[in-house]
Each structure stands twice: as structure tokens, then as C-alpha cells.
Amino acid sequence: MSIGENVRDVKRRIAEAAVKSGRKSEDILLVGVTKTIDVERIRELLNIGVRDLGENRPQELCEKYPVLGGEPQWHLIGHLQTNKVKSIIDKVVLIHSVDSLRLAEEINKRALQRVMDVLVEINIASEPTKHGIQPEFALDFIQQVQELSNINLKGLMCVAPNVDDPEKNRYYFKKMRELLIDINCGHVHNKDLTELSMGMTNDYETAVEEGATIVRVGTGIFGSRRY
Ligand SMILES: *Cc1c(COP(=O)(O)O)cnc(C)c1O
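Residues numbered from 1 in each chain as written. Predicted model: local features only at pLDDT ≥ 70, side-chain atom pairs only at ≥ 80, totals over all residues. Heavy atoms only, no water.

Novice: Can you lay out unusual backbone geometry for me, pointing to particular residues and giving the numbers?
Specialist: One non-glycine residue with positive phi stands out, namely threonine 36, at about 70°. Position of threonine 36 among the secondary structure elements: in the loop between strand S1 (29–33) and helix H2 (39–47). By relative accessible area, which is 33% here, threonine 36 ends up partly exposed. Of note in this structure, serine 126 is not a glycine but carries a positive phi near 50°. (Helix = DSSP H or I, 4+ residues; strand = E, 2+ residues; numbered from the N terminus. Buried < 20%, exposed > 50% of the residue type's maximum accessible area, 1.4 Å probe, protein only.)

Novice: Lay out the packing of aromatic side chains with the relevant residues and their values.
Specialist: By the definition in use, this model includes one aromatic pair. Between the aromatic rings of tyrosine 171 and tyrosine 172, the centroid separation amounts to 5.2 Å while the plane-to-plane angle is 70°, which identifies the pairing as edge-to-face. You can call tyrosine 171 exposed: its relative accessible area is 52%. Looking at lysine 91, its charged tip hangs above the ring of tyrosine 65, at a distance of 5.5 Å from the centre. (Phe/Tyr/Trp six-rings, centres within 6.5 Å; stacked < 30°, edge-to-face > 60°. Lys NZ or Arg CZ within 6 Å of the ring centre and 35° of its normal.)

Novice: If you had to explain the site of the ligand to someone new, which residues and values would you point to?
Specialist: Taken together, the residues surrounding the ligand are Val33, Lys35, Asn56, Ile77, Val159, Met200, Thr201, Arg216, Val217, Gly218, Thr219 and Arg225. Contact distances for the ligand include 2.7 Å between an oxygen atom and a side-chain N or O atom of lysine 35. Contact between the ligand and threonine 201: an oxygen atom at 2.4 Å from a side-chain N or O atom of the residue. Relative to its unbound accessible area of 390 Å², the ligand is 89% covered by the protein chains. A per-class count over the shell around the ligand returns five nonpolar, four polar and three charged. (Near = heavy atom within 4 Å. Polar contact = N/O pair within 3.5 Å; in protein donor to acceptor, adjacent residues only side chain to side chain. Areas by Shrake-Rupley, 256 points an atom, 1.4 Å probe, with all protein chains shown as cover. Nonpolar A, V, L, I, M, F, W, Y, C, P; charged D, E, K, R; others polar.)

Novice: Break down the pairing of strand S4 (residues 92–98) for me, with residues and values.
Specialist: With respect to burial, S4 is a largely interior element, six of its seven residues being buried. Examined bridge by bridge, S4 and strand S5 (residues 116–121) share two bridges and lie parallel to one another. Paired with valine 98 across the two strands is valine 120, which belongs to S5. One crossover worth recording links S4 to the parallel S5 by way of helix H5 (residues 101–110), and it is right-handed. (Pairing = 2+ DSSP bridges. Right-handed = clockwise from strand over helix to strand, strands pointing away.)

Novice: Could you give me a rundown of the nonpolar core, with the residues and numbers involved?
Specialist: The nonpolar side chains of a soluble globular protein tend to be buried, and buried together. Membership of the largest hydrophobic core comes to 63 residues, with the highest contact counts inside it found for Ile95, Ile107, Ile122, Leu156 and Val215. Considering each element in turn, this core owes the most residues, six residues, to helix H1 (residues 3–20). Not counting residues within four places of it along the chain, the set of residues in contact with valine 215 comprises Ile14, Ile28, Leu29, Leu30, Val31, Met198, Gly199, Tyr204 and Val208. In terms of nonpolar packing, the next biggest core, distinct from the first, is built from five residues, Val31, Leu119, Met157 and Ile214 among them. (Core = buried A, V, L, I, M, F, W, Y, C linked by side-chain atoms within 4.5 Å. Contact = heavy atoms within 4.5 Å.)

Novice: Residues and numbers for the environment of lysine 168, please.
Specialist: For lysine 168, the location among the structural elements is in the loop between strand S6 (151–157) and helix H7 (170–185). We classify lysine 168 as partly exposed; its relative accessible area is 49%. It is 14 Å that separates the C-alpha atoms of lysine 168 and methionine 198, two residues lying 30 residues apart in sequence. There is a polar contact of 2.8 Å between the side chain of lysine 168 and the side chain of aspartate 164.

Below you can see the structure in the form of C-alpha cells.
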């Protein structure tokens with residue numbers, strides 16, 4: 001299938017899952033994940049109106065950024081090292097992967113004249129191979145992040161376990177939503193967190209059914225990646 005057909009299919013599935021959670025398709029943002037994808041194919045995606053693009057490596061984002069001009073809205077979705085903050089902070093609309101106080105402080109310092117929108121990454125299944133704050137430390141962490149005045153914390157992000165059956169991740173998506181509610185009810189943060197970035201090609205429908213507001217889809221749009 002073409003990129004256009006794939007995007008139509010993904011959007012239809014998002015809309016159906018949104019209805020199941022009492023929402024509309026417009027309530028869910030589709031981020032097209034463009035890692036390893038060349039700029040020609042990314043332009044195709046832009047031409048059919050998907051402007052929110054996700055990259056997981058700062059260097060790749062910095063390479064594509066000048067080539068694609070002002071049209072994309074870039075999201076940094078992968079692990080971010082402190083020493084790379086400076087190179088991407090003026091290029092992205094949202095950093096999904098804040099996972100340490102050191103990183104949050106560096107973003108706060110480098111944001112200078114602006115306020116940077118961020119999400120806190122949660123290691124929702126406490127997997128040793130994954131980045132992210134452990135769920136039990138999330139409230140404390142968020143209390144610390146909200147002290148930083150150049151950071152606008154908008155919500156939480158997770159990369160759920162790599163499973164064959166997306167139903168196996170439903171429990172973790174529910175847990176993410178419960179965590180967001182706990183944070184908001186506990187008035188841990190000075191304003192309500194609204195965003196849940198969760199769900200990838202394999203499990204985005206389940207994630208939307210459980211309350212995702214942002215899904216990150218690569219393979220479902222471009223086909224499998226060749227590294
Ligand atoms: C690669 C990646 C995705 C997209 O994965 P697909 O399975 O290709 O949809 C989403 N989120 C993050 C953080 C990624 O690194």
C-alpha cells in the first residue's frame with residue numbers, strides 16, 4: 001500500500017478507537033515516526049497533511065531539519081542525552097522523553113527566551129532495558145520538574161512492552177491513565193496534565209481506547225524499516 005493509503009487506514013482506526021473511549025478522531029494527534037526514512041518519503045507524508053513528525057535520534061533530526069524547511073512540527077521521541085539538548089531545543093515542538101532531573105534542568109537552562117513543552121517518560125512496565133521514570137517515583141519527579149520555570153509539562157509518555165498481542169499492553173495503558181489521574185487529583189502539578197503519548201504501530205488502537213491523546217506510528221505508515 002502507498003503512504004497515502006496507509007495514513008487513511010491508520011486515521012480510520014484511530015477514529016474507531018476514539019469513539020470507543022468517548023472521543024473524536026480530532027482529539028488524538030498522529031505523529032508520523034520518520035526515523036531511518038528518507039526525505040523524499042517524508043515529503044509524501046507532509047503532502048497528505050501529516051505535519052507532526054517524530055525522530056528518536058537528535059542527530060538525524062538535525063540533518064533532516066534544514067532540508068525539510070518550516071513545514072514539519074518535530075517531536076523528539078527517543079532518549080535524549082543532556083549534551084544534545086542544545087542542538088534540538090530550537091527545532092522541536094515537544095520533547096516526549098524527559099527521564100531525569102538532570103535532563104529537565106538542562107532543557108530549562110537551554111530554553112532561554114521560550115517555554116519548552118515536554119512529557120515525562122514513564123517506564124510503565126519497569127523493564128530494565130527501557131528508559132523512563134519508574135511509576136512509583138513519578139509523583140515526586142513531577143513535583144521537582146514543575147519548579148523549573150522554562151518547562152511546560154503537558155503529560156506523560158511511555159513505550160509499552162514489545163508484544164505480539166496488543167491486548168497484553170492494555171493493562172499498561174490503563175496504568176498510564178491512572179497515573180495521570182493520580183497526578184491531577186493529588187494537585188502535584190500547578191495545572192492539569194492533559195497529554196498521554198502512548199501507542200505505536202502494533203498497539204495504537206488499544207492505546208487510544210485507553211485514553212492516548214498522541215500516538216506515534218512509523219511502520220504502519222512507511223512499512224518496515226531497513227536498518
Ligand atoms: C520507532 C518508534 C516508534 C514507532 O514505532 P513503529 O512500531 O514503527 O510504529 C514510536 N515511538 C518511539 C519512541 C520509537 O522509537
